[in-house]
Amino acid sequence: MTRRRRIYEGKAKVLFEGPEPGTLVQYFKDDATAFNNQKRGTITGKGVLNNRISEYLMVRLGEIGVPTHFVRRLNMREQLVREVEIIPIELVVRNVAAGSLTKRFGIPEGTALPRSIVEYYYKSDELGDPMVSEEHITAFGWATPPDLDDMMSLSLRINDYLTGLFLGIGLRLVDFKLEFGRLWDNEDMRIVLADEISPDNCRLWDVKTNEKLDKDRFRQDLGKVEEAYQEVARRLGILPEGGPGDLKGPKVMQ
Ligand code: TMP
């Protein structure tokens, strides 16, 4: 086993130095946290499933012209990605009221929003990811107005595309969180989609029953958490061949 340099460890993923300059290996853990680390647990097989689900969605988005950091999946828990300079803003796109929006504005969960709403949060565990406005983002230099324009238009395209993709498999895309990075090519800079797209950072409800098939099952102690992630992968047609028994995957190389 090769020893690779660990670049960064987050709550659900580890980033290692990649095989070539400008690349990283993104390793998906089974660890789950919620409410900024106050609730912790393990969702067996989550890393394997999120690796596949995120691969699938990033490839589909690449096909419609959305630039992403994704290069290729390496194994059960790892994917090769381009090294980007992460912009410290989490973009949340909402189609239906849920989660913090219901609390902030007293809107009942499940209310269809008059139009898709994009929110910005400053990515800081210490501060608990506070919600911010464009003014904060540009004044503090986290992103420039053109960066924000790119992020906003990419997010809306991603929302349109993923809403349709998930509806096709009987799932309502309630809301989701995206992160973007800057990819430098000599003097040229492009904003690309980074991080992951998976039931960890999307809310997905069954269109017929409204059953939650995402991390809210863990956040709200609803049970059948593993099954929910498996069901999303199954509907996308990408459940690993060995089935649920095959989800443990190789241990992280240290
Ligand atoms: P919220 O309703 O808790 O603000 O979450 C909105 C969406 O963003 C939901 O799909 C979950 C996702 N999300 C993350 O991926 N990471 C986070 O830290 C938070 C707070 C939300």
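We now turn to the structure provided with this report. In this text the structure is predicted, and so the values were computed from the model without any measurement. Residue positions are given per chain, counting from 1 as you read along its sequence in written order. With the structure being a predicted model, the display of local features is reserved for residues of pLDDT at least 70 and the display and counting of side-chain atom pairs for 80 or more, all residues being used for whole-chain, interface and lining totals. By convention in this description, side-chain values take in all heavy atoms of the structure and omit both hydrogens and water.

### Comments concerning the overall build of the protein
Starting at the N terminus, helices and strands are each numbered in turn, a helix being any DSSP run of H or I of at least four residues and a strand any DSSP run of E of at least two. Regarding its fold elements, the protein presents 6 helices and 14 strands. With C-alpha atoms as the basis for the radius of gyration, the globule rule is written as 2.2 Å multiplied by the number of residues raised to the power 0.38. In terms of overall size, the protein behaves like a compact globule, its C-alpha atoms giving a radius of gyration of 18 Å where 254 residues would be expected to give roughly 18 Å. In terms of principal-axis extent, the alpha carbons of the protein reach across some 50 × 45 × 35 Å. The buried label applies to any residue whose accessible area, calculated with a 1.4 Å probe on protein chains only, is under 20% of its type's maximum; exposed applies above 50%, and partly exposed to all values in between. By residue count, 50% of the 254 residues in the protein fall in the buried class. Considering only contacts within the protein whose residues lie at least 6 apart along the sequence, 59% involve residues at least 24 apart. Neither His nor the chain ends is counted toward charge; the positive residues are Lys and Arg and the negative residues Asp and Glu. In plain terms, the charge of a residue is placed at NZ if it is Lys, CZ if Arg, CG if Asp and CD if Glu. Where the 37 positive side-chain charges of the protein centre and where its 40 negative ones centre are 5 Å apart. Here, two residues are considered to be in contact whenever any of their heavy atoms come within 4.5 Å of each other.

### Some thoughts on helix 1 (residues 46-63)
Working note: α-helix, 3.6 residues per turn, so residues spaced by three or four point in the same direction. By definition here, a helix of n residues has an expected span of 1.5 Å times n minus one. With 18 residues, helix 1 should cover 26 Å at 1.5 Å per step; its first-to-last C-alpha distance of 25 Å lies within 8% of that length. Among all positions of helix 1, only Lys46, Gly47, Val48, Leu49, Asn50, Asn51, Arg52, Ile53, Ser54, Leu57, Met58 and Leu61 are buried. Two residues or fewer after helix 1 comes Gly65, characterised by a positive phi angle close to 95°.

### What about a negative patch on the surface?
Each patch groups residues whose relative accessible area exceeds 30% and which form no salt bridge, using 9 Å between like charges and 5 Å between nonpolar side chains of Val, Leu, Ile, Met, Phe, Trp and Tyr. For every accessible area listed, the method is Shrake-Rupley and the probe measures 1.4 Å; residues are considered covered only by the protein chains on display. What counts as a salt bridge is simple: a side-chain nitrogen of Lys or Arg found within 4 Å of a carboxyl oxygen of Asp or Glu. Together, Glu134, Glu135, Asp149 and Asp150 make up a negatively charged patch on the protein surface. Sorting the residues of the negative patch by element identifies helix 3 (134-139) and helix 4 (145-167) as the ones contributing at least two each.

### Details of the site of the ligand
Whether a residue is near a molecule or strand is decided by its heavy atoms; if any one of them lies within 4 Å of it, the residue is near. Around the ligand sit 16 residues in total, of which Arg94, Ser100, Asp175, Asn201 and Arg203 are the nearest. Separating an oxygen atom of the ligand from a side-chain N or O atom of Asp175 is a distance of 2.6 Å. We define a polar contact as two N or O atoms separated by no more than 3.5 Å, with the added condition that, inside protein, one atom must be a possible hydrogen donor and the other a possible acceptor, whereas residues neighbouring each other in sequence contribute only through side-chain atom pairs. Measuring from an oxygen atom of the ligand, one finds a side-chain N or O atom of Arg203 at 2.9 Å. Burial of the ligand by the protein amounts to 77% of the accessible area it has alone, namely 440 Å². Breaking the shell around the ligand down by element, the ones donating at least two residues are strand 9 (89-96), helix 2 (99-105), strand 12 (171-185) and strand 14 (202-206). Under the scheme applied here, ten amino acids are nonpolar (Ala, Val, Leu, Ile, Met, Phe, Trp, Tyr, Cys and Pro), four are charged (Asp, Glu, Lys and Arg), and all others, including Gly, are polar. Of the residues in the shell around the ligand, the class split is 5 nonpolar, 3 polar and 8 charged.

### A closer look at the pattern of salt bridges
Counted by the stated rule, this structure contains 29 salt bridges. Across the salt bridge formed by Lys177 and Glu90, the nearest N and O atoms sit 4.0 Å from each other. Taken together, the positions of Lys177 in strand 12 and Glu90 in strand 9 put the pair 87 residues apart, joining distant regions of the chain. Like Lys177, the residue Glu90 is buried in the burial classification. Asp175 serves as the salt-bridge partner of Arg94, at 3.5 Å between the closest nitrogen and oxygen. Taken together, the residues span a long stretch of sequence, with Arg94 in strand 9 and Asp175 in strand 12 at a distance of 81 residues. Residues participating in the shared-partner salt-bridge network are Lys13, Glu90, Lys123, Lys177, Glu179, Asp195 and Glu196.

### Structural notes on helix 6 (residues 225-236)
For helix 6, which comprises 12 residues, the first-to-last C-alpha distance of 17 Å matches the rise-based estimate of 16 Å (1.5 Å per residue) to within 8%. Within helix 6, the full set of buried residues consists of Val225, Ala228, Tyr229, Gln230, Val232, Ala233 and Leu236. Along its buried surface, helix 6 packs onto helix 1, helix 4, strand 12, strand 14 and helix 5 (216-219). One or two steps after helix 6, the chain reaches Gly237, where phi turns positive at roughly 80°.

### Examining the environment of Gly164
On the secondary structure map, Gly164 appears in helix 4. Of the residues examined, Gly164 reaches a relative accessible area of 41% and is grouped as partly exposed. Separated by 27 residues in sequence, Gly164 and Ile191 have C-alpha atoms that sit 24 Å apart.

### Considerations on the nonpolar core
Here, the term nonpolar core denotes a set of buried Ala, Val, Leu, Ile, Met, Phe, Trp, Tyr and Cys residues that are joined through side-chain atoms within 4.5 Å. In this structure, Ile89, Ile158, Phe166, Phe180 and Ile197 are the most contacted members of the largest nonpolar core, which totals 48 residues. Per-element tally for this core: the top contributor is helix 4, with 7 residues. Grouped together as the second largest cluster of nonpolar side chains are 5 residues, Val14, Phe16, Val25 and Leu80 included.

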